[in-house]
2 protein chains.
Amino acid sequence: MVQQQRAAVTRAQIVRGAAEMFDRSGFEGASLVEILEAAGMTKGALYFHFRSKKDLARHIIAEQHRISISAVQAIAAQEASAIEQIVMLCHEMARQIVQDPIVRAGIRITLELSADDRGPAGPYLDWIAACQGLAARAVAEGDLVETIDPPTFARFVIGAFTGVQTVSQVLTHRVDLEQRVDEMWGFLLPGIMPTTRHSGMMRIRAARTDVPVTRTARP
Amino acid sequence: MVQQQRAAVTRAQIVRGAAEMFDRSGFEGASLVEILEAAGMTKGALYFHFRSKKDLARHIIAEQHRISISAVQAIAAQEASAIEQIVMLCHEMARQIVQDPIVRAGIRITLELSADDRGPAGPYLDWIAACQGLAARAVAEGDLVETIDPPTFARFVIGAFTGVQTVSQVLTHRVDLEQRVDEMWGFLLPGIMPTTRHSGMMRIRAARTDVPVTRTARP
């Protein structure tokens, strides 16, 4: 039992060390030797848990997926309209990127691998699916104009967020990310909400959640 | 003179071979040996023109910059309102990405290097600057609501475009990029244009340019 706990701790340490290195140097740039140094581990310990650097990368992307899904569930549990939950979703994605090295590493690896045929679509599809469900509800609730197609809108929102965070990273190391996401909704809301609902626009734009999301690699 | 021309051709061949490799395998993934094979060159020829792989990457990013600037100038020369030129700009960025391996390689290298401190902001700043000038004109022309801040709007448009193309790449290898950019303007225009101008919205959304842009690496 103690041994199982120790193995779980070791595993989590390796994942965190790998996330730090992938976040800093990218998938191709990060070497296994550096990952071992960052995690304070031996090669034997690493190979006991993971088959290869690619295997580690896959695990980090899966872990990011798990974090995303818990955030989506936490937001769905909020007492808020669907359009508010979409705004919350974008700010929660921003918060995770700024605060969680596993999420940052997952995004960097995903972006790097996205540029060629090996690109994992999973992380995008998670957020698009969550946003699509909320968009359909927001149309039904009358907060999105009824001509909006939820899948098309969801793909655009996740795309726009993805690029807003990329540009924020390049220009300010994501220091201004929360403000940029807020501005994105400032440009979008007037065009996607029926004018009869515009009186609630500032409240919707200000929607945030601070529901805690599990962030440890393993229990 | 003949020798100079031959050197220019060799140089352009190396740049194109490198662009193909960077586009396919990324900066870290592309090896000099593969670049030489793709270009059909010897190591000596490469080192006569470029100091290192990094030097080649810098050259491709500079070349992408040159291509961007000529597109911006070609669009500025069009007989079109500023808001139409902003729409044209986004579609021209999309066209370049789909058609030009040097632009694709430049974007991939930029994205990869953006994820850490070495990230070159240049390509983003080019487009943001162009878009900002047009946005200021569009406000003056009454096609953008007067509360819009041109620098903030320009940064958002280039950010949103960047992510829309990333998601299009991951989900469809950019086959749907033109349609996705058109949808982006479908969501944006109703909220950023004064309602008194909404009658011209479909014409603005349909604005395109087919001005040819120089695409060869060197004269």
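Residues numbered from 1 in each chain as written. Chains lettered and ligands numbered in written order. Predicted model: local features only at pLDDT ≥ 70, side-chain atom pairs only at ≥ 80, totals over all residues. Heavy atoms only, no water.

Undergrad: Can you tell me about the side chain of Thr-162 of chain B, naming the residues and giving the values?
TA: Positionally, Thr-162 of chain B belongs in helix H8 (residues 150-172). Not counting residues within four places of it along the chain, the set of residues in contact with Thr-162 of chain B comprises Gly-163, Thr-166 and Val-167 of chain A together with Tyr-124 of chain B. (Helix = DSSP H or I, 4+ residues; strand = E, 2+ residues; numbered from the N terminus. Contact = heavy atoms within 4.5 Å.)

Undergrad: Can you break down the confidence of the model for chain A residue by residue, with the values?
TA: Mean pLDDT over chain A: 88, with 91% of residues reaching 70 or higher. Per-residue pLDDT stays below 50 along residues 214-219 of chain A; that stretch engages in 15 contacts with residues further than four places along the chain or on separate chains. (pLDDT = per-residue confidence, 0-100.)

Undergrad: Got a sec to walk through the domain arrangement of chain A? Specific residues and values, please.
TA: All names here are of chain A. We note that the domain assignment places domain 1 (1-50) and domain 2 (61-205) within chain A. Distance from the C-alpha centre of domain 1 to the C-alpha centre of domain 2: 30 Å. Contact with domain 1, which involves 10 residues of that partner, is made by 9 residues of domain 2. Buried surface at the junction of domain 1 and domain 2, summed over both partners, amounts to about 850 Å²; 60% is from carbon and sulfur atoms. Its largest share of buried area at the contact with domain 2, domain 1 owes to Arg-16, Asp-23 and Phe-27, together 50% of the area lost on that side. The salt bridge partner of Arg-104 is Asp-23, with a shortest N-O separation of 2.8 Å. Where domain 1 packs against domain 2, one counts 3 residue pairs in polar contact (both at pLDDT 80 or more). (Domains from an automatic or database assignment. Buried area = accessible area lost by both parts, 1.4 Å probe. Salt bridge = Lys/Arg side-chain N within 4 Å of Asp/Glu carboxyl O. Polar contact = N/O pair within 3.5 Å; in protein donor to acceptor, adjacent residues only side chain to side chain.)

Undergrad: Give a detailed account of the interface of chain B and chain A, specifying residues and quantitative values.
TA: Residue-level contacts link 41 residues of chain B with 41 residues of chain A. In this assembly, chain B packs against chain A so that about 3500 Å² is buried in total across both faces, 72% of it on carbon and sulfur atoms. The tally of links from chain B across to chain A stands at 0 salt bridges. Seen at the junction of chain B and chain A, the total is 0 residue pairs in polar contact (both at pLDDT 80 or more). Every element with two or more residues in the side of chain B that touches chain A is listed here: helix H1 (2-29), helix H6 (101-114), helix H7 (122-140), H8 and helix H9 (177-192) of chain B.

Undergrad: Residues and numbers for H9 of chain B, please.
TA: Compared with the 22 Å implied by 1.5 Å per residue over 16 residues, the 22 Å span of H9 of chain B between its first and last C-alpha is a close match. For H9 of chain B, every residue scored as buried is listed here: Leu-177, Arg-180, Val-181, Glu-183, Met-184, Trp-185, Phe-187, Leu-188, Leu-189, Gly-191 and Ile-192 of chain B. On its buried face, H9 of chain B is in contact with helix H8 (150-172) and helix H9 (177-192) of chain A together with helix H5 (82-99), H8 and helix H10 (201-205) of chain B. (Expected span 1.5 Å × (residues − 1). Buried < 20%, exposed > 50% of the residue type's maximum accessible area, 1.4 Å probe, protein only.)

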